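Structural overview
Each chain is listed here by its residues.
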Amino acid sequence: VLRDGHVNLSSPFDFSRNWTWYLNSPPNFNADILERNYFNGEQQFVGGFTIYDFGDVGYVRYSSFINPVSPTSLNYIFGDVFRDKRGVILDVRNNGGGSVLNRDFLVSRFTDTEVVAGRQRYKNGPEHDDFSDFEDITIAPSAGDAYLSPVVLLTNRSSYSATNLFTLCMKELPQVTVMGDTTGGGGGAPAFTELANGWVIRVSATQSFDNAGCNVEDGIPPDVFVQMDSTDITNGVDTILEEALEFLRR
């Protein structure tokens, strides 16, 4: 049974899919709580990012790696607005992925040296173990000033695909703490093939591993495990966000 969320068979009338990788886990995210009880209409929208100033801590939400990441946006957020804060909360909960290029642009802002975050290899033949040699997954610093203050990265099971690989990279940086739930996985880059009847099959064409040699297909565990509390949700409180704020203020 293929349990990879990147595997689909698509026809004009339906497509096969497997969403158990996140449906069997608690959501650990509520956008309505954030908007009503934290932002109160005072958030800013900067390119593909939503940002909010907690006074001593900055908050940045990035909802999809489909949204472009521009140097202008990053300079404004991490240079002009949040430069002198205790740290920044970077929220990628419910970010289902998107462009690997946007992942690279964003993660490069958090280092001033080249860092090897893991290894990957490519499927190159029909047999089960037909793969290329391993290549390093490398984080290269960006042209802009690196943000080296503390960062808490918020994740949940719906942090998938490019977000999973973003978490893999961020976890290797010394100032970053991953908090929340294990990511959804999706460590393989998808490839598409059209069948003779016009249907399209999508499969994973790569494997990604962390520096300890663990395949990240099934997700990356956080450094600090936090779940949303049901009582907090009833009271309009984001348990994971509150823990991140307390962590940075300590």
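Here, residues in each chain are numbered from 1, in the same order as that chain's written sequence. Confidence filtering applies because this is a predicted model: local features only for residues at pLDDT of at least 70, side-chain atom pairs given and counted only at 80 or more, and all residues used for totals across whole chains, interfaces and linings. Side-chain numbers come from the whole structure's heavy atoms, not from hydrogens or water.

Some words on a nonpolar patch on the surface
Inclusion rule: Residues with no salt bridge and a relative accessible area higher than 30% make up the patches, which join like charges within 9 Å and nonpolar side chains (Val, Leu, Ile, Met, Phe, Trp, Tyr) within 5 Å. Shrake-Rupley sampling with a 1.4 Å probe provides the accessible areas, and residues are treated as covered by the protein chains on show and by no other component. Salt bridges, as used here, are contacts in which a Lys or Arg side-chain nitrogen is within 4 Å of a carboxyl oxygen on Asp or Glu. For the purposes of this entry, the term helix denotes a DSSP run of H or I that reaches at least four residues, the term strand denotes a run of E that reaches at least two, and both are numbered from the N terminus.
Taken together, the side chains of Phe15, Trp19 and Leu23 present a nonpolar region at the surface, about 310 Å² in accessible area. Summarising the element assignment, Phe15 is placed in the loop between strand 1 (8-10) and helix 1 (20-23).

Let's talk about the layout of surface pockets
The condition that has to hold: Lining residues are those with an atom within 4 Å of a point, where the points come from a 1 Å grid over the protein atoms alone and group into cavities, where a 1.4 Å probe fits but cannot get out, or pockets, open sets with protein on both sides within 12 Å along at least five of seven lines. Grid points are joined across faces, edges and corners, and a volume is the space filled by probe spheres set on the points. Residues are grouped as follows: Ala, Val, Leu, Ile, Met, Phe, Trp, Tyr, Cys and Pro are nonpolar; Asp, Glu, Lys and Arg are charged; all remaining types, including Gly, are polar.
Of the pockets and cavities examined, the second largest pocket occupies roughly 230 Å³. Taken together, 19 residues line the second largest pocket, and the ones lying closest to its centre are Val100, Arg103, Gln120, Leu165 and Ala189. At the level of secondary structure, the elements contributing two or more residues to the lining of the second largest pocket comprise helix 4 (100-107), strand 7 (135-139), helix 5 (162-170) and strand 12 (206-210). When grouped by side-chain class, the residues that make up the lining of the second largest pocket number 6 nonpolar, 10 polar and 3 charged.

So, the environment of Asp80
Among the structural elements, Asp80 can be located in helix 3 (residues 71-81). Each C-alpha atom of the pair Asp80 and Ser161 lies 30 Å from the other, and the pair is 81 residues apart in sequence.

Regarding the nonpolar core
To keep it simple, the criterion reads: Here, nonpolar core refers to any group of buried Ala, Val, Leu, Ile, Met, Phe, Trp, Tyr and Cys residues whose side-chain atoms link them within 4.5 Å. Think of it in three bands: residues with accessible area under 20% of the maximum for their type are buried, residues over 50% are exposed, and the middle band is partly exposed, with areas taken using a 1.4 Å probe on protein chains only.
By size, the foremost hydrophobic cluster in this structure holds 35 residues, and its most contacted members are Phe49, Val60, Leu106, Phe110, Phe166 and Met170. With 6 residues, the single largest contributor to this core is helix 5. Judged by nonpolar contacts, the second largest core, of 20 residues, contains Tyr38, Phe54, Tyr59 and Leu154.

Focus on the sheet that holds strand 11 (residues 200-204)
In plain terms, the rule: A strand pair is defined by DSSP finding two or more bridges across the two strands. To get an axis, fit a line to the C-alpha atoms, keeping to the stretch in contact for a helix; angles then go from 0 to 180 degrees between the N-to-C directions.
Reading across from one edge, 1-11-10 is the order of the 3 strands in this open sheet, with antiparallel pairing throughout. Only two strands of the sheet have a single neighbouring strand rather than two, namely strand 1 and strand 10 (190-194). Geometrically, the sheet is characterised by an average inter-axis angle of 20° between neighbouring strands, direction not taken into account. The pairing of strand 1 with strand 11 spans 3 bridges and is antiparallel. Along strand 11, the bridge assignment pairs Ser10 with Val200.

Some points on a negative patch on the surface
Note the following rule: In this charge count, Lys and Arg are treated as positive and Asp and Glu as negative; neither His nor the chain ends contribute. To locate a charge, take NZ of a lysine, CZ of an arginine, CG of an aspartate or CD of a glutamate.
On the surface, a cluster of negative charge is made up of Glu114, Asp133, Glu135 and Asp136. Residue placement: Asp133 occurs in the loop between strand 6 (115-122) and strand 7.

Some details on helix 4
Our working rule: Taken from the helix axis, the directions to the C-beta atoms give the arc we talk about. What qualifies as a polar contact is a pair of N or O atoms within 3.5 Å, subject to a donor-acceptor requirement within protein and to the restriction that residues adjacent in sequence count only when both atoms come from side chains.
Within helix 4, burial applies to Asn102, Arg103, Leu106 and Val107. Down the axis of helix 4, the buried set is contained in an arc of 125°. They therefore lie on one face. Among the residues of helix 4, the N-terminal cap falls to Ser99, whose side-chain oxygen and the backbone nitrogen of Leu101 are separated by 3.1 Å.

Considering the pattern of salt bridges
Applying the stated criterion to the full structure yields 11 salt bridges. Linked through salt bridges whose partners overlap, the residues forming this network are Arg61, Asp91, Arg93 and Asp238.

Observations concerning helix 7 (residues 239-249)
Cut-off, in case you're wondering: Note on contacts: a residue pair qualifies if any of its non-hydrogen atoms lie within 4.5 Å across the two residues.
The set of residues buried in helix 7 consists of Thr239, Ile240, Leu241, Ala244, Leu245 and Leu248. Where helix 7 is buried, its residues touch helix 2 (31-39), strand 4 (57-62), strand 5 (87-91), strand 8 (151-155), strand 9 (176-180) and helix 6 (230-234). Capping the start of helix 7, Asp238 holds a side-chain oxygen 3.1 Å from the backbone nitrogen of Ile240, two or three residues further along.

Details of the environment of Asp133
In this structure Asp133 comes out as exposed when scored by relative accessible area, which is 67%. Taking the C-alpha atoms as reference points, Asp133 and Phe105, separated by 28 residues in sequence, lie 25 Å from one another. Excluding its chain neighbours within four sequence positions, the residues that come into contact with Asp133 are Gln120 and Arg121.

Considering the side chain of Thr155
Tracing the backbone shows Thr155 in strand 8. Given a relative accessible area of 0%, Thr155 falls into the buried group. A polar contact of 2.8 Å, which involves the side chain of Thr155, links it to the backbone oxygen of Asp181. In contact with Thr155, other than residues within four places in its own chain, are Val92, Arg93, Thr167, Val178, Met179, Gly180, Asp181 and Thr183.

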